[in-house]
Amino acid sequence: MRSTSAPGSWRQTLPSYAHGQATRTFPKLSPGHGPSKTLSRLPPRQKKPPKVELEQEDSKTVKEIYIRGWKVEDRILGIFSKCLPALSQLQAINLWKVGLTDKTLTTFIALLPLCSSTLRKVSLEGNPLPEQSYYKLMGLDSTIAHLSLRNNNINDYGAQLLGQALSTLQNSNRTLVSLNLGFNHIGDEGAGYIADGLRLNRSLLWLSLAHNRIQDKGALKLAEVLRPFELTHKEVVERRRLLLEKGSQERSRSPSSSRHGDSKTDREKSQMMGVSTVALVDKPEKMQAMKTPKGLGKKKEKSGEVAKKEEKSGPGQSPTPGAPKKEDASKAAKGKVTIPEQKMSKGKGTKMGNKEKRSILLESELLVEATEMVNPLLEPVEHRDGKVFMPGNKVLLHLNLLRNQITEVGLEGFLTAVQYQVQASKPRTSSKGPLGLLWLSLAKNCFDPQCPTYTMIQELMLPRDPVKAKTREEDATAT
């Protein structure tokens with residue numbers, strides 16, 4: 001960056017790596033003279049340069065990168081690869097209309113592991129891709145919690161790829177908390193693919209499909225996963241396999257539960273000793289010696305309880321060496337949908353903000369626990385007429401279907417789903433069990449806002465909306 005002075009103006013020359021050389025002329029005020037009429041000498045299509053705001057001029061305090069209307073090509077990404085590792089507090093990257101291609105998106109995704117572990121939000125809006133490869137941002141190794149893909153011309157094929165990234169029979173994304181697919185071209189078929197992804201996904205809490213092309217068929221598919229739905233043949237077969245695997249693990253543990261508890265403690269102790277030998281220079285042995293007897297005492301006193309907890313855990317919960325807190329993690333995972341309730345009590349200061357932003361912020365610090373969730377196929381099921389029905393998705397808290405093409409036919413499906421969600425959440429205690437759907441937007445669709453079905457949905461959802469409930473509490477306190 002270089003600057004030169006000229007009479008009556010201050011000229012700034014942009015870096016040569018971005019769209020070649022370009023200059024901007026800013027007016028200089030002088031006593032007795034008005035501002036210059038010439039405000040810019042940029043080419044007509046030249047965009048504003050990237051803007052970086054620092055706190056106290058320290059690069060380590062950068063928390064967000066925002067680039068708007070600036071072409072991000074391989075050379076810019078090369079600069080990113082040198083700069084990103086130094087930003088230890090980086091939390092969000094926003095690239096709005098930067099001309100990404102499928103190739104540069106792949107390069108960008110490869111750079112994300114270089115970022116700090118604090119990076120949780122990625123927004124790529126206004127970047128349509130021919131191959132619809134946005135799903136790569138939701139890989140199994142992804143750490144992205146909040147992803148916004150608005151205005152990207154995502155069609156039904158792109159929605160299919162995203163739905164498969166949410167969950168399949170074998171894998172499920174366990175880190176993504178919010179997904180914004182507003183202002184795209186997703187129709188009924190694409191909405192069906194997203195609904196399929198929600199069948200076995202138990203991490204996504206916030207989903208926006210506003211301003212798309214979803215009609216009744218797609219709406220009914222989305223409503224179906226919010227209430228008990230029938231398992232497919234492949235899902236039933238996979239469920240049986242998981243149950244057999246779980247049963248064999250429990251049988252292998254049950255004959256010698258106390259012995260197992262002691263042996264597990266020994267393994268924990270051995271690993272702790274291994275860690276202490278590596279860090280012998282930095283950490284004194286007294287700390288390890290003080291911690292180990294306490295762990296041993298607790299394990300011996302409650303070995304029977306440990307065995308019971310392990311038998312109740314889901315598939316993949318079998319003890320492994322060096323995992324002393326597996327039981328706690330599985331417990332937290334089973335009650336994962338209680339996470340937002342805990343965060344709500346802590347985040348009172350953020351409740352006055354936008355509802356969508358607030359709901360995104362609620363879960364950002366509790367993603368590690370979600371990785372230990374129980375496979376949804378092992379949830380309690382209901383057998384009816386020779387078919388197996390699994391409880392609907394009660395983890396999703398926020399669903400936005402504003403400005404689609406849904407009629408009263410689709411509303412009927414959502415009314416049934418909301419009635420189930422309300423009924424299913426009634427027995428829930430204040431600290432256990434899923435919250436269920438708390439916020440549903442169906443406004444500006446193809447039905448009369450005064451129709452009875454829509455009115456009933458609003459009446460059922462009103463007491464569940466945490467923002468409106470908080471407002472009512474504040475009003476009641478004030479009076």
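Residues numbered from 1 in each chain as written. Predicted model: local features only at pLDDT ≥ 70, side-chain atom pairs only at ≥ 80, totals over all residues. Heavy atoms only, no water.

- Taking an unreviewed UniProt entry as the reference, the protein chain is identified by name as Leucine-rich repeat-containing protein 71 isoform X2 belonging to Mesocricetus auratus.

### Remarks on the side chain of E235
Item 1. Looking at the secondary structure, you find E235 in helix α6 (residues 233–253).
Item 2. By relative accessible area, which is 7% here, E235 ends up buried.
Item 3. Among the polar contacts listed, one links the side chain of E235 to the backbone nitrogen of T232, at a separation of 2.9 Å.
Item 4. Sequence-distant contacts of E235, defined by excluding residues within four places in its chain, comprise L169, R199, L200, E230 and L377. (Helix = DSSP H or I, 4+ residues; strand = E, 2+ residues; numbered from the N terminus. Buried < 20%, exposed > 50% of the residue type's maximum accessible area, 1.4 Å probe, protein only. Polar contact = N/O pair within 3.5 Å; in protein donor to acceptor, adjacent residues only side chain to side chain. Contact = heavy atoms within 4.5 Å.)

### A short note on the packing of aromatic side chains
Item 1. Across all of its chains, the model carries one aromatic pair by this definition.
Item 2. Ring geometry for F447 versus Y454: centroids 5.0 Å apart, planes at 55 degrees, classification tilted. Per residue, the accessibility class of F447 equals that of Y454, and both read buried.
Item 3. We note R68 situated over the ring of W96; from NZ or CZ to the ring centre the distance is 4.5 Å.
Item 4. The lysine or arginine in question, R384, covers the ring of F389, its NZ or CZ lying 3.9 Å from the ring centre. (Phe/Tyr/Trp six-rings, centres within 6.5 Å; stacked < 30°, edge-to-face > 60°. Lys NZ or Arg CZ within 6 Å of the ring centre and 35° of its normal.)

### Structural notes on helix α15 (residues 452–461)
Item 1. Taken together, the buried positions of α15 are occupied by T453, Y454, I457 and M461. Buried residues of α15 fall within an arc of 95 degrees about the axis and therefore sit on the same side. Among the exposed residues of α15, those pointing more than 90 degrees away from its buried face are P452 and E459.
Item 2. The inward-facing, buried residues of α15 abut α14 (408–425) and β14 (439–441). (Arc of directions from axis to C-beta.)

### Structural notes on the pairing of strand β5 (residues 92–96)
Item 1. The buried count for β5 comes to four of five residues, which makes it a mostly enclosed element.
Item 2. Bridge analysis of strand β4 (residues 64–68) against β5 gives five bridges, and the strand direction is parallel. The residue of β5 that forms the bridge with E64 is A92.
Item 3. Since β4 and β5 lie parallel, the crossover through helix α1 (residues 74–83) that links them has a hand, and here it is right-handed. (Pairing = 2+ DSSP bridges. Right-handed = clockwise from strand over helix to strand, strands pointing away.)

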